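# Remarks on the overall topology
Chain by chain, the residues run as shown.
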Amino acid sequence: MKLKKYFFKSVTSTNDIAAKKIKKNVSSGIIIAKKQTKGRGRYGNKWISMNNNLFMSVFFNLNSNTSISNLTIVSCSIVRKSILKFIKQNIKIKKPNDLIINRKKVCGILQEMIFYKNKKFAIIGIGINVNNSPNINNYPTTYLNFFTKKKITSFKIYNEIKINFEMYLNNLK
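Residues numbered from 1 in each chain as written. Predicted model: local features only at pLDDT ≥ 70, side-chain atom pairs only at ≥ 80, totals over all residues. Heavy atoms only, no water.

## Things to note about the overall build of the protein chain
When you go through the protein chain residue by residue, the secondary structure sums to three helices and seven strands. Relative to a compact globule of 173 residues, whose C-alpha radius of gyration would be 16 Å, the protein chain shows 15 Å and is just as compact. For the protein chain, the C-alpha atoms occupy an extent of roughly 45 × 30 × 25 Å along the three principal directions. The burial tally for the protein chain puts 49% of its 173 residues in the buried class. A separation of at least 24 residues holds for 66% of the contacts in the protein chain among residues at least 6 apart in sequence. Entry remark: accessible area of the protein chain is about 9700 Å², with carbon and sulfur atoms responsible for 52%. Separation of charge centres in the protein chain, based on 33 positive and 5 negative side chains, amounts to 4 Å. (Helix = DSSP H or I, 4+ residues; strand = E, 2+ residues; numbered from the N terminus. Rg over C-alpha atoms; globule rule 2.2 N^0.38 Å. Buried < 20%, exposed > 50% of the residue type's maximum accessible area, 1.4 Å probe, protein only. Contact = heavy atoms within 4.5 Å. Areas by Shrake-Rupley, 256 points an atom, 1.4 Å probe, with all protein chains shown as cover. Lys, Arg positive; Asp, Glu negative; His and termini not counted. Charge placed at Lys NZ, Arg CZ, Asp CG, Glu CD.)

## Some points on the environment of T12
Relative to the elements of secondary structure, T12 occurs in the loop between β1 (5-11) and α1 (14-22). Through-space distance from the C-alpha of T12 to that of A33 is 9.5 Å; in sequence the pair is 21 residues apart. In this structure the side chain of T12 is engaged in a polar contact, spanning 3.2 Å, whose partner is the side chain of D16. (Polar contact = N/O pair within 3.5 Å; in protein donor to acceptor, adjacent residues only side chain to side chain.)

## Comments concerning the pairing of strand β5 (residues 98-101)
One face of the sheet, then the other: side chains in a regular strand alternate in exactly this way. Residue alternation in β5 divides its side chains into two sets, D98 and I100 and L99 and I101, and both sets are buried. Relative to β5, strand β4 (residues 91-94) is paired through four bridges, and the arrangement is antiparallel. Counted as the bridge partner of I93 is L99 from β5. The loop that links β4 with its antiparallel partner β5 comprises three residues. Pairing of β5 with strand β6 (residues 104-116) involves four bridges; the strand directions are antiparallel. Across the sheet, residue I101 finds its bridge partner in β6, namely K104. (Pairing = 2+ DSSP bridges.)

## Here's the deal with the sheet that holds β1
Strand order across the open sheet formed by seven strands is β1-β2-β3-β7-β6-β5-β4, with mixed pairing between neighbours. Both edges of this open sheet fall to β1 and β4, since each of them pairs with a single strand only. The average undirected angle you get between the axes of adjacent strands in this sheet is 20°. Note: strand β3 (residues 54-62) against strand β7 (residues 119-128), nine bridges, orientation antiparallel. Bridge pairing in β7 links S57 to G125. (Axes fitted to C-alpha atoms, helices over the stretch in contact; angles between N-to-C directions.)

## Quick look at the packing of helix α2 (residues 68-84) against helix α3 (residues 154-172)
It is the contact of α2 with α3, at a shortest axis distance of 9 Å, that shows an interaxial angle of 140°. The angle between the axes of α2 and α3 places the two elements in the oblique class. Crossing angle aside, the handedness with which α2 passes α3 is right-handed. Side by side, α2 and α3 meet where L71, V74, S75, I78, V79, K81 and S82 of the first sit next to E160, I161, N164, F165, M167 and Y168 of the second. The class makeup of the residues in the contact of α2 with α3 is eight nonpolar, three polar and two charged. (Parallel < 35°, antiparallel > 145°, perpendicular 65-115°, else oblique. Left-handed = near helix turned anticlockwise from the far one by under 90°. Nonpolar A, V, L, I, M, F, W, Y, C, P; charged D, E, K, R; others polar.)

Worth remembering: the numbers are spatial, not functional.
And the structure:
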């Protein structure tokens, strides 16, 4: 399955745009935005979307017996594998949905499921600190280019994530 890219300069949340696409009968794709004004994490927590980082959501029709917990594990693994192509740091998955380098958060992943016209859809929001990271009291953060000599672009990371999600979805068939 090929995932079509939908690029936006600015959105409230890439997950919000994915939900709107689904309600317009688009069954799969990737939303990517240069700027996100109201990114969110689990339980309505705010995701601080700093400029020059990666904000994207992958969405697709989901088999009805796929659980959100299994999807969370798969999503974290796909994003981790994608990032490891560019950096050689140890990246840990902090359950349920964060990626950590040296005990600092570098990525948050938010899975949401919606039902539309008797079909189940997964929306996987991915926020990766590529070029900078916010200062959050009692929650250390970092960014990918802190660990590299040669700058990684958001586009290269996006493209690797896209390839890995497409392989995953093709194996589900």
